[in-house]
Amino acid sequence: MKSHKIYTDADGLFDFVSASYLWVKVRTLRADSLEAAERAAIKEIEQNLPSIERGYVPSPTGPSEPWPWDSIHVRLPISPEFSCGFPLRANCPPGLDTIVSISKQASNWRLVLRNLWDQEIILDSEFNLVSTQRLQPPQ
């Protein structure tokens, strides 16, 4: 799942999905032990397994089950050429971006998405868009 990445640190678990749009699910629940956290995660997966087996893809209009509706939708002002090329292909489906990297810089998030080029996304601590720019191709 190149378009899906998880970032963890002391503040929680951050679940990112990108497919020409960006969804973020923040999980900050605490457990008494690693074993308790593992049991809770397995229980959540088991409860949602029927929906997961049917398949789902978050979309710009809203997530479908079992994707959580309390996810944060980040609107990205990225050119359609990012997914569809130039000239734009007719009936271009949303591209499956690759999340190349996720990091924190002070209180901001830095993500690099890859499709037809690499795109840097900077988000503030509340996942509001700060900036985005096309990156030069790797040398």
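The coordinates are above.
Residues numbered from 1 in each chain as written. Predicted model: local features only at pLDDT ≥ 70, side-chain atom pairs only at ≥ 80, totals over all residues. Heavy atoms only, no water.

Peer 1: Account for the sheet that holds strand β6 (residues 108-114), with residues named and values stated.
Peer 2: Judged by pairing direction, the sheet is antiparallel, and its four strands sit side by side in the order β5-β6-β7-β8 without closing on themselves. In this open sheet, the two strands that pair with only one neighbour each are β5 (98-105) and β8 (129-134). Going across the sheet, the axis of each strand differs from the next one's by a mean of 15°, ignoring polarity. In terms of strand pairing, β5 meets β6 through seven bridges, oriented antiparallel. The partner of Ser 101 across the bridge, within β6, is Val 112. (Pairing = 2+ DSSP bridges. Helix = DSSP H or I, 4+ residues; strand = E, 2+ residues; numbered from the N terminus. Axes fitted to C-alpha atoms, helices over the stretch in contact; angles between N-to-C directions.)

Peer 1: Tell me what's going on with the packing of aromatic side chains, and back it up with residues and numbers.
Peer 2: The geometry of an aromatic ring pair is captured by the separation of the ring centres together with the interplanar angle, meaning the angle of the planes. Scanning the model with the defined rule gives eight aromatic pairs in all. An angle of 50° between the planes, with centres 6.3 Å apart, marks the rings of Phe 14 and Phe 127 as tilted. Highlighted residues: Phe 14 in strand β2 (residues 12-18) and Phe 127 in the loop between β7 (118-123) and β8, separated in sequence by 113 residues. Side by side, Phe 14 and Phe 127 carry an identical accessibility label, which is buried. Ring pairing ties together the aromatic residues Tyr 7, Phe 14, Phe 16, Trp 109 and Phe 127, which thus form one cluster. (Phe/Tyr/Trp six-rings, centres within 6.5 Å; stacked < 30°, edge-to-face > 60°. Buried < 20%, exposed > 50% of the residue type's maximum accessible area, 1.4 Å probe, protein only.)

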